[in-house]
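If you want the building blocks of each chain, they are given just below.
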Amino acid sequence: KSGEMAKSTQLIDNETFRAYATYTAIVLLKMMLMSLVTAYFRITRKAFANPEDTASFGKGDSAKKYLKTDPDVERVRRGHLNDLENIVPFVGIGLLYALSGPELSTALLHFRIFAGARILHTFAYLIPLPQPSRGLSWAVGYAVTFSMAYKVLKTVLLL
Amino acid sequence: KSGEMAKSTQLIDNETFRAYATYTAIVLLKMMLMSLVTAYFRITRKAFANPEDTASFGKGDSAKKYLKTDPDVERVRRGHLNDLENIVPFVGIGLLYALSGPELSTALLHFRIFAGARILHTFAYLIPLPQPSRGLSWAVGYAVTFSMAYKVLKTVLLL
Amino acid sequence: KSGEMAKSTQLIDNETFRAYATYTAIVLLKMMLMSLVTAYFRITRKAFANPEDTASFGKGDSAKKYLKTDPDVERVRRGHLNDLENIVPFVGIGLLYALSGPELSTALLHFRIFAGARILHTFAYLIPLPQPSRGLSWAVGYAVTFSMAYKVLKTVLLL
C-alpha cells in the first residue's frame, strides 16, 4: 500500500505540477460556473430549450411560449463555448508543459496570466464591457497557451 | 527498453489511476456515441447542416429542402454539448484527483456515481424523461466533479 | 532541485509519451486555429454575434445590421465544434493509451493517422470538399480513438 501511495503522489509532489493542478482546477471550476449562470438566466428570463423544462408552467400554449431564445441566455452560452474552445487546449497543453520541466516561476507566470485572462474574459462577456476588453483578454489567454505549446514541441518533438 | 516500459507503466499500475482510466474511457466513449446518434437522426429525419451533405438527394431546390433544423437532431446536439461541458471538467479534474492520493474506495465512489449520472442524463435527455430527471442527473455529476476539485485544491494548492 | 527535475521529466523521457505530447500539441493547436479562422470570416463577412463587437461601425441601426449569421462563419463554427467533440476524446483517451504501454510504432501509427484525419477533416469542411471526404476523415479519427480506448480498457479495466 505505501509503495502504491508513493507512486501515486509522485507527480503531485512536484511543485510545477502542483501549480498546474491548482490553476487547472480553478479554470475548470470557472467554466463549470457558466452552467449555473445559464440556468439562472433561463429561469429568470423564462427561456428554455426543451418542452419538458416548461411543463411546470402549465400545458399546451401557455407553456410553449417559454420555449424561446433570450439574448442574455445566448450570451452566456457563447461565453461557455468560448471557455470550452480555450480552456480545453490550456488543460491539455498545460499538462504536457508542466511535465516538460519548465522553471517553476516561468510556469507560474503562464498559469497565472491564463487564469487571470479567462476570468477577465468572462466579466468582459457577461457585463458586457466595451471592446477590445473581451478581444484582448481572449488574445492573452490564447498567446499563453501558444507559448506553452512552443515549449512542449521544442522539448519533446517526436513525429 | 525494459527501463522505459517500467516508467511508462508506473502510473497505470496504480489502482486509483486504473479506476480513473476505466471511467474516463467509459464516459468519453459515451460522449463519442452522441455523434452516431446525431448522424442517425440527421439521416432518418433528413435534416442536414451542410449543402454538400444533401448532394446525393439531387441538385438545386430538391436538395436544399433537406438543409433544415430538426427538433430531434437539435435535442441530441444539446445533449452532446452538455456532455462536453461536464465531461471535460471530469476528465481534467479527475486526473488531478486520481494523482492526489485519495482512498481507492472513495475514488471509485466518485467515478461510479459520475459515470452513472451522465448515462442517466443521456437517457433523460434523449427519451426524454420528465423533469427533474435530467436536472438531477446533471446536478449529481456536477457535485461529484466539485467534490473532486475540492480534494485537489486542498491537497495541492500552489497559487 | 535535481531530484525534482528528475521526477518531472520522467514521463516526458518516455518515447511513447513524447509522441503523444507531440501529436496532442499539434491537434490542439490546429483546433485553436479555428478561432482565428472564425475571427477572419466574422470580420471579412461583417457578421458578428455581440452588439459590442459592432460598435466601431457606428451607433444604432447602422451597426445593428452587422449582428447577423453568415454561412461561412457558421461553417467554421461547426468545424470548430466538431473538433471539440473529437479532439477532446483523443486527448483524454490518448493520454491513458500512451500510459498503457503500447509499442512505440503502434502508438505512432494511431497518433499520425488521427492527426492526419483531423487535418483532412478541416480542409474537407472549410473548402468544402464533396462528401464523403468529410465523413470519411471524421470516421477515421473516430476509429483511431475507439481503437485506443479498447487497448486502454483491455489493459486497465477496474470498475
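This one's a predicted model, so the numbers in the text were calculated from it and none came from an experiment.

Novice: Help me get a handle on the overall build of chain A, residues and values and all.
Specialist: Along its length, chain A carries seven helices and zero strands. Reading chain A from its N end, one meets helices and strands in the order α-α-α-α-α-α-α. In terms of overall size, chain A is more extended than a compact globule, its C-alpha atoms giving a radius of gyration of 20 Å where 159 residues would be expected to give roughly 15 Å. Across its three principal axes, chain A shows a C-alpha extent of roughly 60 × 50 × 30 Å. For chain A, the residues scored as buried account for 53% of the 159 residues in total. Element-wise, carbon and sulfur atoms account for 65% of the exposed surface of chain A, whose accessible area totals about 6,800 Å².

Novice: Outline the UniProt feature "transmembrane region" (unreviewed entry) in chain A, listing residues and values.
Specialist: Residues and elements named next belong to chain A. What UniProt calls "transmembrane region" (unreviewed entry) maps, in this numbering, to residues 20–41 and 84–101. With 100% helix and 0% strand, the stretch residues 20–41 has end C-alpha atoms that lie 32 Å from each other. Span residues 84–101 is 89% helix and 0% strand, its end C-alpha atoms 26 Å apart.

Novice: Could you give an account of the relation of the copies chain B and chain C, naming the residues involved and the relevant values?
Specialist: Each of the two chain copies can be generated from the other by rotation about an axis followed by a shift along it. Superposing chain B onto chain C takes a rotation of 120° combined with a translation of 0.0 Å along the rotation axis, leaving an RMSD of 0.0 Å. The operation mapping one copy onto its partner corresponds to a three-fold rotation axis.

Novice: Would you mind going over the side chain of threonine 24 of chain B in detail, with residue names and values included?
Specialist: Within the secondary structure layout, threonine 24 of chain B lies in helix H2 (residues 15–44). Residue threonine 24 of chain B is classed as buried on the basis of its relative accessible area, which comes to 0%. Excluding residues that lie within four positions of it along the chain, threonine 24 of chain B makes contacts with Phe90 and Val91 of chain B together with Leu96 of chain C.

Novice: Can you explain the interface of chain B and chain C? Please cite residues and give values.
Specialist: Between chain B and chain C, the contact holds 41 residues from the first and 36 residues from the second. For the chain B and chain C pair, buried surface summed over both sides reaches about 3,200 Å², with 67% attributable to carbon and sulfur atoms. On inspection of chain B and its partner chain C, the count reaches three salt bridges. One salt bridge connects glutamate 52 of chain B with arginine 75 of chain C, and the closest N-O pair in it is separated by 2.8 Å. The tally of links between chain B and chain C comes to twelve residue pairs in polar contact (both at pLDDT 80 or more). For the side of chain B that touches chain C, the secondary structure elements donating two or more residues are helix H1 (2–13), H2, helix H4 (71–99) and helix H5 (104–126) of chain B. The element contributing the most residues to the side of chain B that touches chain C is H2 of chain B, with 18 residues. Partitioned by chemical class, the residues of the side of chain B that touches chain C number 24 nonpolar, eight polar and nine charged.

Novice: Help me get a handle on the interface of chain A and chain B, residues and values and all.
Specialist: Residue-level contacts link 41 residues of chain A with 36 residues of chain B. Together chain A and chain B conceal approximately 3,300 Å² of surface at their shared face, both sides included; 67% is due to carbon and sulfur atoms. Our count for the contact surface shared by chain A and chain B stands at three salt bridges. The residue aspartate 53 of chain A makes a salt bridge to arginine 134 of chain B at a minimum N-O spacing of 2.9 Å.

Novice: If you had to explain H5 of chain B to someone new, which residues and values would you point to?
Specialist: When the terminal C-alpha atoms of H5 of chain B are compared, their 33 Å separation across 23 residues agrees well with the 33 Å that a helix rising 1.5 Å per residue should span. What H5 of chain B keeps buried is the set Ala107, Leu108, His110, Phe111, Phe114, Ala115, Ala117, Arg118, His121, Thr122, Ala124 and Tyr125 of chain B.

Novice: Could you give an account of helix H7 (residues 133–156) of chain C, naming the residues involved and the relevant values?
Specialist: In this model, H7 of chain C (24 residues) spans 35 Å end to end at C-alpha, consistent with the 34 Å of a helix rising 1.5 Å per residue. Within the span of H7 of chain C, buried status applies to Arg134, Ser137, Trp138, Gly141, Tyr142, Val144, Thr145, Met148, Ala149, Val152, Leu153 and Val156 of chain C.

Novice: Mind laying out the packing of H2 of chain B against helix H5 (residues 71–99) of chain C, listing which residues take part and the relevant values?
Specialist: Remark: H2 of chain B packs on H5 of chain C, axes separated minimally by 10 Å, with the N-to-C direction vectors making an angle of 155°. It follows from the interaxial angle that H2 of chain B and H5 of chain C lie roughly antiparallel. The handedness of the crossing between H2 of chain B and H5 of chain C is left-handed. For the pair H2 of chain B and H5 of chain C, contact is made by Phe17, Tyr20, Ala21, Thr24, Ala25, Leu28, Met31, Met32 and Ser35 of chain B and by Glu85, Val88, Pro89, Gly92, Ile93, Leu96 and Leu99 of chain C, respectively. Among the residues making up the contact of H2 of chain B with H5 of chain C, the classes are represented as twelve nonpolar, three polar and one charged.

Reading the values: the criteria
- Residues numbered from 1 in each chain as written.
- Chains lettered and ligands numbered in written order.
- Predicted model: local features only at pLDDT ≥ 70, side-chain atom pairs only at ≥ 80, totals over all residues.
- Heavy atoms only, no water.
- Helix = DSSP H or I, 4+ residues; strand = E, 2+ residues; numbered from the N terminus.
- Rg over C-alpha atoms; globule rule 2.2 N^0.38 Å.
- Buried < 20%, exposed > 50% of the residue type's maximum accessible area, 1.4 Å probe, protein only.
- Areas by Shrake-Rupley, 256 points an atom, 1.4 Å probe, with all protein chains shown as cover.
- UniProt positions renumbered as here; feature names shortened; annotations may be inferred.
- Least-squares fit on C-alpha atoms with pLDDT ≥ 70 in both.
- Contact = heavy atoms within 4.5 Å.
- Buried area = accessible area lost by both parts, 1.4 Å probe.
- Salt bridge = Lys/Arg side-chain N within 4 Å of Asp/Glu carboxyl O.
- Polar contact = N/O pair within 3.5 Å; in protein donor to acceptor, adjacent residues only side chain to side chain.
- Nonpolar A, V, L, I, M, F, W, Y, C, P; charged D, E, K, R; others polar.
- Expected span 1.5 Å × (residues − 1).
- Axes fitted to C-alpha atoms, helices over the stretch in contact; angles between N-to-C directions.
- Parallel < 35°, antiparallel > 145°, perpendicular 65-115°, else oblique.
- Left-handed = near helix turned anticlockwise from the far one by under 90°.

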